[in-house]
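Commentary on secondary and tertiary structure
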Amino acid sequence: MKRIAALDSIRGLLLLLMTINHLIWISGGYSIIQTVTLQPLGQFGAAECFVFISGLLAGAIYSRESLTNSQLTRKAWYRGFSIYRYHIACLLIVFGWVFIASHLLPSAVPILQQSANNVLAAPIKTFIASAALINQPNYFDILPLYIIFMLLLPLLVVAYRKGLGWLVISVSIGVWGFSHAINTATLIPLFRFIFSDSTIQFGYFNIFAWQLLFVTGSALGFMLQNKTLRWRHPALTVIATIIATGLFAAHNGVFSSFGIHRWILSTYADKPELGWLRTLNITVWVYLIAVIIQRYPNALHIKALSYIGRHSLRVFSWQVIVVYLSAPLLHNLRLAPYYIVIVAMIVATLWLAALFSEKWNTHTVSRLHWVSGLSVMLSFIIVGNIVSAEGVSPLTIKVTNINDPKTPFFVMVYDEKDDLRQRATVYVKNFAPQQLMQGIIIDALPSGNYAVFVFQDNDSNYYLTIGQDGMPIERFGYSNNPLLTGAPQMKDVMFAHNGSQTQTIQIR
């Protein structure tokens, strides 16, 4: 299969979208731009498409007839080792940055610890677990997936060559179908004897579900490379168009009067578990985009996006690093009118990463790469120090009146300028009920006015679920424990934080 420029462009677009979303999420910010960058076409996003295309290209590249089984194994595993080296480099830089920030920018510690647990509390164990691909700090999820999939790829290709593709796909679908039964709760006891004093982050994506994207992608790539796939049919195109249009309309609230809205759809399109609706949505769009590429090869080719798409590994690794480096700066500017301009400037460094990747072998540019990288890091530290020069003190949050001791709670800390109807910008994390009854501590919260919101996420949709009568159907509580007859105002739940204190919240 010849290199398809449109696929490089799509991969570049996906990297761009992921970086924007990650920068906004880690800094606790909000921007209307996420209506475009976050699931714009339906119940699927950039990450799952990126994994699928990686599988598609891997299946095509490593199944060339010129490669023997031993050669493809050697090349695939070498590629997996290369990805692992970048993973380790990213871990070292991010862990080092968290330690630097803990001394120079104590107000940045809560925002960084939300994404990288236990780096300060148990650095050695956390690094070992992360290097072993067990612990996965936020935004590190895809590289470990890709490493494991590349180690598995030779087995897949050999099976395809023996005509056992149907068996591979059947097994993959079967594993996906039962993947919901294998979750964090079932995996924790396996590693408790090694990491007994650490909270392991198993990553956002369930690998047993997400393998379906890579495996089906690799199977399609193999068939395209060997010209054994006849996939286009007018009837399929019509059906895919109808399904894609219907899901897009539902995603955007066209059928909300019938009780079909985005949050209902999300229950069937679970992202970590790759729900069936998400899988269907991805499938129809993959087919339609393939039709467009075949009929109009240059329609989706955008040179600027293709440039970063051709260097996806180094660009993706860079975005992981730059997301963490810029978190303190963006967090402090998250409410500024020029917040999204700063995000755009940081995103523009993806093209620098692609440039350095392209010129990697020249001595001058290699030096320039390191000098520029260090300069960016120092700039963030200096600017972060200036912006974050404020007093910090711990905040303890305790919760009482908990009736359900099993279902986790979400804790959200809002800035006084936040909208209580939106995602909290200061702190968001889930905890077991026992932890909240004992009290959880946010170690270094800057002086200011805040509000705390706690709710028990019974339906696991990450939001306080509202019933048809407009009232919450999940248990919740706010700081100050106000008597509410409707949605609270910030003045009702806000408190001043100028020193170490405890907020005790009663669950309603």
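**Some remarks on the overall build of the chain**
From N to C terminus, the chain includes 20 helices and eight strands. Buried positions account for 50% of the 508 residues belonging to the chain. Restricting the contact set of the chain to residue pairs at least 6 apart, pairs at least 24 apart contribute 77%.

**Some details on unusual backbone geometry**
For residues that are not glycine, phi is negative in most cases, and the peptide bond is trans in most cases. A positive phi angle is found at Gln39, which is not glycine, with a value near 50°. Even without being glycine, Asn480 reaches a positive phi, approximately 75°. Looking at the element boundaries, Asn480 is found in the loop between strand S6 (476-478) and helix H20 (490-493). Its relative accessible area of 37% is what places Asn480 among the partly exposed residues.

**Concerning a nonpolar patch on the surface**
Where nonpolar side chains cluster on the molecular surface, the patch consists of Leu164, Trp166, Leu167, Val171, Val175, Ile182 and Phe208 and spans about 570 Å² of accessible area. With four residues, the single largest contributor to the nonpolar patch is helix H8 (residues 165-177). If you trace the backbone, Val175 turns up in helix H8. A relative accessible area of 32% places Val175 in the partly exposed class.

**Describing the pairing of strand S8 (residues 501-506)**
Side chains Gln501, Gln503 and Ile505 of S8 all project onto a buried face; the interleaved residues Thr502, Thr504 and Gln506 project onto a face where none is buried. The pairing of strand S1 (residues 392-400) with S8 spans six bridges and is parallel. Bridge pairing in S8 places Lys398 opposite Thr504.

**Brief notes about the sheet that holds S8**
Sheet architecture is open: three strands sit in the order S4-S1-S8, paired in mixed fashion. Lying at the two open borders of the sheet, with one neighbouring strand each, are strand S4 (440-446) and S8. Between one strand and the next, the sheet's axes are offset by a mean angle of 30°, whatever the strand orientation.

**So, the nonpolar core**
If you look at the biggest cluster of nonpolar residues, it comprises 107 residues, and the most contacted ones within it are Met150, Trp210, Phe214 and Tyr324. At 13 residues, the largest contribution of residues to this core is made by helix H15 (residues 312-332). Here Trp210 is in contact with Ala47, Glu48, Val51, Leu145, Phe149, Phe205, Lys271, Pro272 and Leu274, once residues within four sequence places are set aside. Membership of the second largest hydrophobic core comes to 20 residues, among which are Leu395, Val399, Val452 and Phe495.

**So, helix H7 (residues 142-161)**
Between the first and last C-alpha of H7 there are 27 Å, a value that for 20 residues agrees with the 28 Å anticipated at 1.5 Å per step. At Leu152, H7 shows its maximal bend, which comes to roughly 40°, and the proline Pro154 appears one to four places after that position. Directly after H7, the chain includes Gly163, whose backbone phi takes a positive value near 80°.

**Here we look at the packing of helix H3 (residues 46-61) against helix H10 (residues 207-225)**
Between H3 and H10, the shortest axis-to-axis distance is 6 Å and the interhelical angle comes to 35°. For H3 against H10, the interelement crossing comes out right-handed. Contact with H3, carried on its side by Ala47, Glu48, Val51, Phe52, Ser54, Gly55, Leu56, Ala58, Gly59 and Ala60, involves Trp210, Leu213, Phe214, Thr216, Gly217, Ser218, Leu220, Gly221, Phe222, Leu224 and Gln225 of H10 and no other residues of that element. Class assignment of the residues belonging to the contact of H3 with H10 gives a composition of twelve nonpolar, eight polar and one charged.

**Brief notes about the confidence of the model for the chain**
A low pLDDT means the predicted coordinates there should not be read in detail. Summing up the model confidence of the chain, the mean pLDDT is 86 and the portion of residues at 70 or higher is 90%. The least confident element of the chain is helix H18 (residues 363-387), whose mean pLDDT is 55; the most confident is H7, at 95.

**Quick look at the packing of H15 against helix H16 (residues 339-347)**
Running from amino to carboxyl end, H15 crosses H16 at an angle of 160°, the nearest separation of the two axes being 11 Å. The angle between H15 and H16 places the two elements in the roughly antiparallel class. Crossing handedness for the pair H15 and H16: right-handed. On H16, the residues that touch Val322, Ser326, Leu329 and Leu330 of H15 are Tyr339, Ile342, Val343 and Ile346. Along the lines of polarity and charge, the residues of the contact of H15 with H16 split into seven nonpolar, one polar and no charged.

**Remarks on the pattern of salt bridges**
One side chain can pair with another of opposite charge once the charged atoms of both are near each other. This structure, assessed with the given rule, holds five salt bridges. For the salt bridge of Arg278 with Glu48, the shortest nitrogen-to-oxygen distance reads 2.5 Å. Taken together, the positions of Arg278 in helix H13 (residues 276-295) and Glu48 in helix H3 put the pair 230 residues apart, joining distant regions of the chain. Glu48 matches Arg278 in its accessibility class, with the two residues each being buried. With a closest N to O distance of 3.0 Å, Asp419 and Arg421 form a salt bridge. Since its relative accessible area comes to 29%, Asp419 is described here as partly exposed. A relative accessible area of 73% means that Arg421 is categorised as exposed.

Scoring rules and cut-offs
Residues numbered from 1 in each chain as written. Predicted model: local features only at pLDDT ≥ 70, side-chain atom pairs only at ≥ 80, totals over all residues. Heavy atoms only, no water. Helix = DSSP H or I, 4+ residues; strand = E, 2+ residues; numbered from the N terminus. Buried < 20%, exposed > 50% of the residue type's maximum accessible area, 1.4 Å probe, protein only. Contact = heavy atoms within 4.5 Å. Patch = residues over 30% accessible without salt bridge, like charges linked within 9 Å, V, L, I, M, F, W, Y side chains within 5 Å. Areas by Shrake-Rupley, 256 points an atom, 1.4 Å probe, with all protein chains shown as cover. Salt bridge = Lys/Arg side-chain N within 4 Å of Asp/Glu carboxyl O. Pairing = 2+ DSSP bridges. Axes fitted to C-alpha atoms, helices over the stretch in contact; angles between N-to-C directions. Core = buried A, V, L, I, M, F, W, Y, C linked by side-chain atoms within 4.5 Å. Expected span 1.5 Å × (residues − 1). Bend = angle between axes of the 7 residues up to and from the residue. Left-handed = near helix turned anticlockwise from the far one by under 90°. Nonpolar A, V, L, I, M, F, W, Y, C, P; charged D, E, K, R; others polar. pLDDT = per-residue confidence, 0-100. Parallel < 35°, antiparallel > 145°, perpendicular 65-115°, else oblique.

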